[in-house]
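# Results of the structural survey
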Amino acid sequence: MNQQDVKKESLEFNKLEKKLRRNVGNAIVNYNMVEDGDVVMACISGGKDSFAMLDILLKLRQSAPIKFDVIAVNLDQKQPGFPEHILPEYFETLGVPYYIIDKDTYSVVKEKIPEGKTTCGLCSRLRRGTLYSFAEKIGATKVALGHHMDDIVETMFLNMFHGARLKAMPPKLLSDDKRNIVIRPLAYCREQDLIRYAEKREFPIIPCNLCGSQENLQRQNVKAMLNEWDRQHPQRVYSIFKSIQNVSPSQLADEALYGFKELTIDRSGERKEYEYSAEEVSSSGSGTEVQYFDINNL
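Residues numbered from 1 in each chain as written. Predicted model: local features only at pLDDT ≥ 70, side-chain atom pairs only at ≥ 80, totals over all residues. Heavy atoms only, no water.

### Some thoughts on helix H1 (residues 3-30)
Which entries qualify depends on this criterion: Comment: elements are numbered from the N terminus, with helices defined as DSSP H or I runs of at least four residues and strands as E runs of at least two. Here, expected helix span is obtained from the residue count minus one, scaled by 1.5 Å. Using a 1.4 Å probe on the protein chains alone, a residue whose accessible area is under 20% of its type maximum counts as buried, one over 50% counts as exposed, and one in between counts as partly exposed. The contact rule is simple, with two residues in contact once any of their heavy atoms fall within 4.5 Å.
Along its 28 residues, H1 runs 40 Å from first to last C-alpha, staying within 8% of the 40 Å computed at 1.5 Å per residue. Every buried residue of H1 is accounted for by Phe-13, Leu-16, Glu-17, Leu-20, Asn-23, Val-24, Gly-25, Ala-27 and Ile-28. Buried residues belonging to H1 abut helix H2 (48-63) and helix H7 (191-201). Once H1 finishes, Asn-32 follows within two positions and takes phi at roughly 50 degrees, a positive value.

Below is the structure:
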């Protein structure tokens, strides 16, 4: 690679890094994800997304107008062949405080889930409970997960197609017991950008032997659908994500979310002019005398 190509590649990476940092910064500000004095527990799985999240959080901490701490935490699920040395060595190079939690959730998942069935649901519940309780032990005030925009949109469609629910993953979440706040700093980031970033940063990515080994997951089908949409209509996934931020309960059909049964008309005030209000009625119901009148005079 000649000097000109090296310079061009460096400029492109700088643009990518600034874009991701800007997106993460905007998400943090818009949802008040990180506050002054926070201890952020960054959950690192060994995948590209959590590595990128940690990398960007550490960079933002240096320039942020508030003070907050970041602690890296990995849950070692005791998957066979998991390279236990990689993450501790990587965290040491960063100089970031870290913990490795040992918990054999792998055996539980393999025991409970029949061969060929999706393991993600049980696996995520087991991880979540462990991480929530550990966050309290170390005094973490925020639990940061590496889900990005594509993950959020995919989850919405999965819930629609397979759960009959209009539900995604929020950028910020209060746990059911109200003892933890989960944040997703990558909520504004596209996966394609994170893939490029991970390649350039050369993160020591560790593949998952549970979820990562399942090729026929419904999520993969949804991902393929969204990728095709993105190819045909660039920014389609971004538009779908924006729709999650612009919800009109009165235009949906959830009776618990909007009081459809209590709707009443109110004609006490002066009516505003309707568009096309000059239309005339030329006929009325069967068997009645035809009447002609101007709607404007109603």
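### Things to note about the UniProt feature "short sequence motif: PP-loop motif" (unreviewed entry) in the chain
This is how it is decided: UniProt positions are given in the numbering used here, feature names are shortened, and annotations may be inferred rather than shown by experiment.
As recorded in UniProt, the feature "short sequence motif: PP-loop motif" (unreviewed entry) lies at residues 45-50. Taken end to end, residues 45-50 has its terminal C-alpha atoms 6 Å apart, with 50% of it in helix and 0% in strand.

### A few points about the confidence of the model for the chain
Threshold: On a range of 0 to 100, pLDDT expresses the predictor's confidence in each residue.
Taken residue by residue, the chain gives an average pLDDT of 87. The fraction at 70 or more is 82%. Confidence drops under pLDDT 50 across residues 212-216; counting only partners more than four residues distant or on other chains, this segment forms seven contacts.

### So, the sheet that holds strand S5 (residues 172-174)
Two strands in a sheet stick together by hydrogen bonds in their backbones, pointing the same way (parallel) or opposite ways (antiparallel). Note the following rule: Criterion used throughout: strands pair if DSSP finds at least two bridges between them. Lines fitted to C-alpha atoms define the axes here, with helix axes fitted over just the stretch in contact, and angles between the N-to-C directions of these axes take values from 0 to 180 degrees.
With mixed pairing, six strands are arranged side by side in an open sheet as S3-S2-S1-S4-S6-S5. The open sheet is flanked by strand S3 (98-102) and S5, the only strands paired with a single partner. Taken pair by pair, the neighbouring strands of this sheet meet at an average axis angle of 25 degrees, ignoring direction. Bridging between S5 and strand S6 (residues 181-183) involves three bridges; their strand directions are antiparallel.

### Things to note about the nonpolar core
Put simply, the rule is: The term nonpolar core refers to a set of buried residues drawn from Ala, Val, Leu, Ile, Met, Phe, Trp, Tyr and Cys, joined through side-chain atoms within 4.5 Å.
The biggest cluster of nonpolar side chains holds 50 residues, and the ones touching the most others in it are Ile-44, Leu-54, Phe-91 and Tyr-197. The element that contributes the greatest number of residues to this core is H2, accounting for eight residues. In terms of nonpolar packing, the next biggest core, distinct from the first, is built from 16 residues, Val-39, Val-73, Ile-101 and Val-143 among them.

### Topic: the packing of H1 against H2
Quick note on the threshold: With respect to orientation, any angle under 35 degrees is reported as roughly parallel, any angle over 145 as roughly antiparallel, any angle of 65 to 115 as roughly perpendicular, and every other angle as oblique. As a working rule, the residues Ala, Val, Leu, Ile, Met, Phe, Trp, Tyr, Cys and Pro are called nonpolar, Asp, Glu, Lys and Arg charged, and the rest polar, with Gly in that last group.
In the contact formed by H1 and H2, the axes pass within 10 Å of each other and the chain directions differ by 75 degrees. Between H1 and H2, the crossing angle belongs to the class labelled roughly perpendicular. Of H2, the residues touching H1 (which contributes Glu-17, Leu-20, Arg-21, Val-24, Gly-25 and Ile-28) are Ile-56, Leu-57, Lys-59, Leu-60 and Ser-63. In the contact of H1 with H2, the residues fall into six nonpolar, two polar and three charged.

### Describing helix H9 (residues 236-245)
Rule in force here: For this quantity, the arc is that covered by the directions from the helix axis to the C-beta atoms.
Three or more residues of H9 are buried, namely Val-237, Ile-240 and Phe-241. For H9, the angular spread of buried residues about the axis comes to 100 degrees, placing them on one side. Among the structural elements, helix H6 (149-163) and helix H8 (218-232) are those in contact with the buried residues of H9.

### Describing the pattern of salt bridges
Short version of the rule: In what follows, salt bridge is the name for a side-chain nitrogen of Lys or Arg lying within 4 Å of a carboxyl oxygen of Asp or Glu.
A full pass over the atoms with the stated rule returns 18 salt bridges. Measuring nitrogen to oxygen at the nearest pair gives 2.6 Å for the salt bridge that ties Arg-201 to Asp-55. Highlighted residues: Arg-201 in helix H7 and Asp-55 in helix H2, separated in sequence by 146 residues. Here Arg-190 ties to Asp-230 by a salt bridge, and the two come within 2.6 Å at their closest N and O atoms. With Arg-190 in the loop between S6 and H7 and Asp-230 in helix H8, this pair connects stretches of sequence that are 40 residues apart. By relative accessible area, Arg-190 is classed as buried at 10%. Owing to a relative accessible area of 15%, Asp-230 belongs among the buried residues under this scheme. One salt-bridge network, in which partners are shared between bridges, spans Lys-48, Asp-49, Glu-154, Glu-191, Arg-219 and Lys-223.

### Side note on the packing of aromatic side chains
Using the following cut-off: Pairs were defined over the aromatic rings of Phe, Tyr and Trp, the Trp ring being its six-membered one, requiring ring centres within 6.5 Å. Orientation was assigned from the angle between planes: stacked under 30 degrees, edge-to-face over 60, tilted for the rest. Remark: a charge is flagged as sitting over a ring if the NZ atom of Lys or the CZ atom of Arg is within 6 Å of the ring centre and within 35 degrees of the ring normal.
Under the criterion given, the structure shown has 13 aromatic pairs. Centre to centre, the rings of Tyr-90 and Phe-91 are 6.3 Å apart; their planes meet at 55 degrees, and the pair counts as tilted. Residue Tyr-90 is classed as buried on the basis of its relative accessible area, which comes to 13%. What links up through ring pairs into an aromatic cluster is the set Phe-13, Phe-51, Tyr-90, Phe-91, Tyr-98, Tyr-197 and Phe-203. Over the aromatic face of Trp-229 sits the side chain of Arg-236, whose NZ or CZ is 5.8 Å from the ring centroid.

### Section: a nonpolar patch on the surface
We apply this condition: Patch construction takes residues with relative accessible area above 30% that form no salt bridge. Like charges are linked within 9 Å, and nonpolar side chains (Val, Leu, Ile, Met, Phe, Trp, Tyr) are linked within 5 Å. Note on areas: Shrake-Rupley, 1.4 Å probe, and residue coverage restricted to the protein chains presented here.
Nonpolar side chains collect at one region of the surface, where Met-160, Phe-161, Leu-166, Val-247 and Leu-252 lie side by side and expose about 480 Å² of accessible area between them. Within the secondary structure layout, Leu-252 lies in the loop between H9 and strand S7 (280-281).

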